[in-house]
Amino acid sequence: MDEAELIHQATQGNLDAFNRLVLTYQEMAFNLAFRMLNDDAAAEDATQTAFISAYRNLRAYRGGSFRAWVMRMVTNTCYDELRRRHRRPTVPLEPVNVEDEEEIENPSWLADDSPSPEDQVESKELEKAISHCIQGLPEDFRAVVVMVDVQGLDYAEVSDAMGKPLGTIKSRLARARGRLRDCLAGFRELIPSFFRLGEEVISS
Amino acid sequence: MIKGQLSSKDWELLSSYMDGELNPRDKARVEARLSARPEFQEALDGLRRTKAILRKAPIRKVPRNFTLRAADVQPVKTPRWIPTMQWSSAAVALVAVFLFASQLVPGFRGLATTTSEKAVDSEMGAPEVAQPAQSLAAVPAADQATPEVIYWGGPPAQQANGLGGMGGGGGGDGSVDCGSPGAMCGGADPKLEVGGGAESVLTTPMPFPQPPIPNMLPDLQTQPTEPARSAIAAEPVTGSGPILGVRPDADQGAVLPETIAPAESSAVSDEAEPRSTGQLLLIAASVLLALAAGLMIAAILLKRKLLR
């Protein structure tokens, strides 16, 4: 059964057909949610909420890329979660300065700007570097660059998923890439093989 | 270094060029710049390197399947009382608007103040005996019922015209007949000028003795009371308006308790009623509007909470 047929049956209320679509896109949806929220539990909740929302609003699907439509549900759910976080910011537990035993008031201790040199596993360093740099982007830039560069969607799909014109997507993607380029350059010493891989891509 | 040399438009063109998302004309333009300007090539290399690294980002395994159960997608049953709350708030708001309109629109106000007018009528219909005691300046309408005349020390042998001057006229010549409508005959002594007349003209000799002046002043200040008036012989005459007099000889000089006649007190309480009716309507409208807003907000919040 192809995707169009599954979508049609799901629209008629066939939950099994919809669940087959869920199995197809759940990994992409979860990874997008994770890159947006940078938290496993929150990404899990957002993914589940997005699929429930997708099923309930299936009649609003007007054709086109179903993958982009699902990503739109995920993106909107993540935006809701990010707005909720802005409304109710959580106060981090502040560590105590060992010298004067006073609390360090600046929460910047959470931001690990310099990757730990003790961590020798390069893939973990890469993950750390990418997560750190992506989280430093504005939310709209984050969604675009994750969908295009991490998940491989084309511009039209991202435009559908974001509900924004193609020009806006191009502009946001270019600016996001520029920022990521500068940010990742700071990790060159920790992930040299990946930079070498980049050089190979350029020379090829 | 490169960032400062390229405009944001150049970066956008390079980014789209890298993804193969440019039209042929823009693509040719970018390729011309790439061959002519090394900073363009350097920028493109940086973008490609970044993209290659991002493509190598580890894909996270899903912690579980996100397939839905029938229970997950059951339509949310909105409690029946939520729409009821919404409609009741609309009804309450309509009632409140009507109440406001009844106070603001003249046509509505006429309907709403019917009871107020009745209260005023009852006030106007109070026994005329009480009228002189209320205010010396209050001159009743000319077509009112025959007022009561109170005489000093007993009824006169003939009609006393011009005593006290023209009541309420202020500047009259005092020759007006006391029996005429609207006239107010006051004290015997023109110096008192109770009625406001300039000068009284005594056309007929007074058949009864004048009361001493010192006794008059306290009486005027304290105003005559119902028990005292009831003891005085009264003779109805034509005309209207309060007519002042003095108490009989037996009561002169005595300090009488100041009490308000039942009819008078009821008139006072009736006077406050029209005002309070309007105020009560406005208060009721405000309360109803607040209730409507509260119900509406509560219904919306509850509905959102249930649908979440």
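What you are looking at is a predicted structure, and each value in this text was computed from that prediction instead of being measured.

1. Considering the overall build of chain A
In terms of helices and strands, chain A carries 9 helices and 0 strands. Helices and strands appear in chain A in the N-to-C order α-α-α-α-α-α-α-α-α. Taken across its 204 residues, chain A has 37% of its residues classed as buried.

2. Describing the overall build of chain B
When its secondary structure is counted, chain B shows 11 helices and 2 strands. In chain B, the succession of α and β elements from N to C terminus is α-α-α-α-α-α-α-α-β-α-α-β-α. In chain B, the share of contacts with a sequence separation of at least 24, taken over all contacts with a separation of at least 6, comes to 75%.

3. Some words on the confidence of the model for chain B
All names here are of chain B. Per-residue pLDDT for chain B averages 65, and the proportion of residues at 70 or more is 40%. This model gives residues 118-142 a pLDDT under 50, and the stretch forms 41 contacts once residues within four places in sequence are excluded. Within the model, pLDDT remains below 50 along residues 159-203, and this stretch shows 113 contacts once partners closer than five positions in the same chain are excluded. Both scores are available for the predicted complex, with the pTM at 0.53 and the ipTM at 0.78.

4. A look at the interface of chain B and chain A
Contacts between chain B and chain A engage 31 residues on the former and 41 residues on the latter. Elements with a minimum of two residues in the side of chain B that touches chain A: α2 (8-18) and α4 (38-55) of chain B. Element by element, the count of residues in the side of chain B that touches chain A is highest for α4(B), at 11 residues. Each residue belonging to the side of chain B that touches chain A can be placed in one class, and the counts come to 14 nonpolar, 6 polar and 11 charged.

5. Quick look at the nonpolar core
Ranked by size, the top nonpolar core spans 63 residues in total, and within it A:A29, A:L32, A:A33, A:V74, A:V144 and A:M147 carry the most contacts. A per-element tally of this core places helix α2 (residues 15-37) of chain A first, with 12 residues. B:A96, B:L99, B:L295 and B:A299 belong to the second largest nonpolar core, which has 8 residues in total.

6. Considering the packing of helix α7 (residues 155-162) of chain A against helix α8 (residues 166-185) of chain A
All names here are of chain A. For the pair α7 and α8, interaxial distance at closest approach is 9 Å and the crossing angle is 105°. Compared by their axis directions, α7 and α8 come out roughly perpendicular. Residue-level inspection shows Y155, V158, S159 and M162 of α7 in contact with α8, the latter providing L166, I169 and K170. Partitioned by chemical class, the residues of the contact of α7 with α8 number 5 nonpolar, 1 polar and 1 charged.

7. A closer look at the environment of B:A290
Mapped onto the fold, B:A290 is located in helix α11 (residues 262-307). As a C-alpha pair, B:A290 and B:A93 span 197 residues in sequence and 8.7 Å in three-dimensional space.

8. As for unusual backbone geometry
Excluding glycine, a negative phi dihedral is what most residues carry, and trans is how most peptide bonds are arranged. Residue and element names in this part refer to chain A. The backbone of N38 shows a phi angle near 55°, a positive value even though the residue is not glycine. Following the sequence through the fold, N38 ends up in the loop between α2 and α3 (40-56). On the neighbour-count criterion, N38 (14 C-beta atoms within 10 Å) is partly exposed.

9. Quick notes on the packing of α2(A) against helix α4 (residues 66-87) of chain A
All names here are of chain A. Close contact between α2 and α4 brings their axes to 10 Å; oriented N to C, the two are set at 30°. Here α2 is positioned roughly parallel relative to α4, judged by the angle of their axes. Between α2 and α4 lies a crossing whose hand is right-handed. Contact with α2, carried on its side by Y25, A29, L32, A33, M36 and L37, involves R67, V70, M71, V74, C78 and E81 of α4 and no other residues of that element.

10. A short note on the confidence of the model for chain A
With 76% of its residues at a pLDDT of at least 70, chain A reaches an overall mean of 83. Between residues 103-109 of chain A, whose pLDDT stays under 50, and residues either more than four places distant or in other chains, the model counts 10 contacts.

11. Remarks on the environment of A:V148
All names here are of chain A. Residue position: V148 is located in helix α6 (residues 139-150). Given 24 C-beta atoms within 10 Å, V148 falls into the buried group. For the pair V148 and L173, spaced 25 residues apart in the sequence, the C-alpha separation amounts to 8.2 Å. The residues touching V148, leaving out its near neighbours within four places in the chain, are L153, V158 and L173.

12. Topic: the environment of A:G63
Within the secondary structure layout, A:G63 lies in the loop between α3 and α4. On a C-alpha basis, the gap between A:G63 and A:A4 in space is 8.9 Å, while along the polypeptide they are 59 residues apart.

Thresholds, definitions, all that
- Residues numbered from 1 in each chain as written.
- Chains lettered and ligands numbered in written order.
- Predicted model: local features only at pLDDT ≥ 70, side-chain atom pairs only at ≥ 80, totals over all residues.
- Helix = DSSP H or I, 4+ residues; strand = E, 2+ residues; numbered from the N terminus.
- Buried ≥ 20, exposed ≤ 12 C-beta atoms within 10 Å, placed from the backbone.
- Contact = placed C-beta atoms within 7 Å.
- pLDDT = per-residue confidence, 0-100.
- Nonpolar A, V, L, I, M, F, W, Y, C, P; charged D, E, K, R; others polar.
- Core = buried A, V, L, I, M, F, W, Y, C linked by C-beta atoms within 7 Å.
- Axes fitted to C-alpha atoms, helices over the stretch in contact; angles between N-to-C directions.
- Parallel < 35°, antiparallel > 145°, perpendicular 65-115°, else oblique.
- Left-handed = near helix turned anticlockwise from the far one by under 90°.

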